[in-house]
Amino acid sequence: MALECIQWIGMLLAAYLAGRLVRLLKLPAILGWLIAGMFLGPYGLGLLSEEWASGGVYKAVVNWMTVAFGIMLGTELVWRKIRTYGKALAVTTLTQSLGTFVIVSLAFSIVFALSGIPVYLGFVFGSIALATAPAPALSIVREFHTKGPVTDTLLPMSVLDDIVGIVVFFSVNAIVTKIVSGGSFSWGLIPVMIFLPIAIGILPGWLCGLALKKAKTRTAVLATVLIGVTASEILTWFIYRTAASMLSPNYLLVGVSFSAVFSNMITDRQLEDLNHWYSPILTVSILGAIVDLGSQLDYHLVLGAGLYTLLYIVFRAAGKYFGARFGAKIMHMPETVQKYLGLTLLPHSGVSLVFTSIACATLASLPNLVTIVQGTIAAAAVINEIIAVIVAREGFRLSGEIQKTS
C-alpha cells in the first residue's frame, strides 16, 4: 500500500509539471493534468494501478478531495448574490440541459431507426449527453481568475445542471428498464438521489457556520473548514453504507451543500478571507479530482472511434451551445452570456462515465447494445474532454473574463 501511495503522489506531481508545460503553450493546465492521468493511469503506464484505484484508501482520499472541491461551488451559492438572476439562471439551465437531451435523442433515434437498432437507445444517449462535468471548466475559472457574467452564471449552473441530469437520466433509465426486462423502478428514488446529498451537507455546514462566526485567525478558519469537510465525507459514507446502500453517493453535491450553508451565515469579508486562505487546498483537491478523471479515460479507444462517436460529440456540443444561447437570450441575460456560456459547458467525461456504467448494467441482457453505448461514449469521453477544455478556455477569453494569462 505504501508503494502505491508513493506512486500516486508521484503521479500527481507529474501531472502538475505537465500542467506547467502546457501553460507555456497558453493552454489550460488542466489539459496537462488530464493527459497525465490518462497516460500514467491504469490504461497507460499503470503508475496508478487499477487495484489501488478501486481500493478503499484511494477512494476515501478522492472522495474527500471531491467534497473539498465542492466548496468552490458552494461558496458562490450565496442568496444575496444570486437572487438578482435566479429565474434567468433556472430557465437557461433547463434550455441547455433539456435542449441537449432533445437534440441528441432525436438525432440518434433517427440514426438507429435507419440502422435497425432500437430507437429507445437514442434516448439513452440523450440522457447521458445532457450532463456536464463541472471540474474542468471550474478549474479554468480558478486558473485564469475569470470574472464576469459568464463565470457568475456558470458556477451556480453547474449545481443545477447536475440535478437536472439526475432527474432526466434516471427517468429514461427507468423506462428502458421496463422495456428491456419488464422490471420496475421506484420513482421515489429520484428525489432521494437529489436531496439526500444536499440534506447530508446541511448539519455539518450549519455547525461550521457557527464556528466560523467566532473564528478570527487563518488557522482557526482552515481547521474549521477541514474538519467540516472530513465530517461531511464520513457522514456521507456512513449513510450510504447503511441506509442508502442501493445508491451511489454524490460527494460533490454534499460539498456544495455543506459550503453553501456556512457561506450564507458569514459576512462577505469573512467569506473572501476564507476563499483566499483555502486556495492552496482547493488547488490540490482540483488536481486530484482531474487526475482521477483522466485515469478513467482509455486513450486506446480513440483508435476505435467511429461515426457514432463523431455524431455524439457534434450533436451534444450543438445542444449545449444553442440551448444555452436560446435560454440566455429569452431571459435577456448579458450578450457575453448569450454568446459564450455554451462553450464553457462542453466538458462531460466524469458524469458521462458514471451514467454509461449504469445504462450498460440496465442493458446487460442485450450485449450488442452495451457494446454500442460503451464504445461510443468511452471514445467520445477521451476526444471530447481534450477539445472541450480548449473550447471552454476560448469561451472565457472571447467573453473578456480572463484576468490572468501569465
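Teacher, can you tell me more about the overall build of the protein here?
In terms of regular secondary structure, the protein is built from 17 helices and zero strands. Against the 2.2 N^0.38 benchmark of 22 Å for 406 residues, the protein shows a C-alpha radius of gyration of 20 Å, consistent with a compact globule. Expressed as a percentage of the 406 residues in the protein, the buried residues total 54%. Considering only intrachain contacts with a sequence separation of at least 6, the fraction spanning at least 24 residues in the protein is 82%. For the protein, the accessible surface area stands at approximately 17500 Å², while carbon and sulfur atoms represent 69% of it. One way to put it: in the protein the 25 positive side-chain charges average out to a point 8 Å from where the 18 negative ones average out.

I keep staring at the packing of aromatic side chains and nothing clicks. Help me out?
Per the counting criterion, the structure on display carries 14 aromatic pairs. Between F258 and F262 the ring centres are 5.2 Å apart and the planes differ by 75°, which places this aromatic pair in the edge-to-face class. Here the residue F258 and the residue F262 both occupy positions in helix α12 (residues 251-263), the gap between them amounting to four residues, near one helical turn. F262 carries the same exposure label as F258, and that label is buried. Ring centres of Y321 and F322 lie 5.1 Å apart, and the angle between their planes is 85°; on these two criteria the pair is classed as edge-to-face.

I'm lost on the side chain of T100 in this one. Help?
Assignment of secondary structure puts T100 in helix α6 (residues 86-115). What T100 contacts, discounting residues up to four positions off in sequence, is T95, A129, L130, R316, G319 and K320.

Which parts of the structure should I look at to understand the layout of surface pockets?
A probe as big as a water molecule, rolled over the atoms, marks out the empty space that is left. The volume enclosed by the second largest pocket comes to roughly 700 Å³. Together, 23 residues line the second largest pocket, and E76, V141, T146, L155 and N275 are the ones closest to its centre. Sorting the residues of the lining of the second largest pocket by element identifies α4 (56-74), α8 (134-143), α9 (149-181) and α13 (268-295) as the ones contributing at least two each. Ranked by residue count, the leading element in the lining of the second largest pocket is α13, at eight residues. Among the residues forming the lining of the second largest pocket, the class breakdown is seven nonpolar, nine polar and seven charged.

Sorry, what's going on with the environment of A133 here?
Following the sequence through the fold, A133 ends up in the loop between α7 (120-129) and α8. By relative accessible area, A133 is classed as buried at 5%. Put simply, A133 and E385 are 252 residues apart on the chain and 9.7 Å apart in space, counted from C-alpha to C-alpha.

The rules behind each value
Residues numbered from 1 in each chain as written. Predicted model: local features only at pLDDT ≥ 70, side-chain atom pairs only at ≥ 80, totals over all residues. Heavy atoms only, no water. Helix = DSSP H or I, 4+ residues; strand = E, 2+ residues; numbered from the N terminus. Rg over C-alpha atoms; globule rule 2.2 N^0.38 Å. Buried < 20%, exposed > 50% of the residue type's maximum accessible area, 1.4 Å probe, protein only. Contact = heavy atoms within 4.5 Å. Areas by Shrake-Rupley, 256 points an atom, 1.4 Å probe, with all protein chains shown as cover. Lys, Arg positive; Asp, Glu negative; His and termini not counted. Charge placed at Lys NZ, Arg CZ, Asp CG, Glu CD. Phe/Tyr/Trp six-rings, centres within 6.5 Å; stacked < 30°, edge-to-face > 60°. 1 Å grid on protein atoms, 1.4 Å probe; cavity = no way out; pocket = protein on both sides within 12 Å on 5 of 7 lines; lining within 4 Å. Points joined across faces, edges and corners; volume = space filled by probe spheres on them. Nonpolar A, V, L, I, M, F, W, Y, C, P; charged D, E, K, R; others polar.

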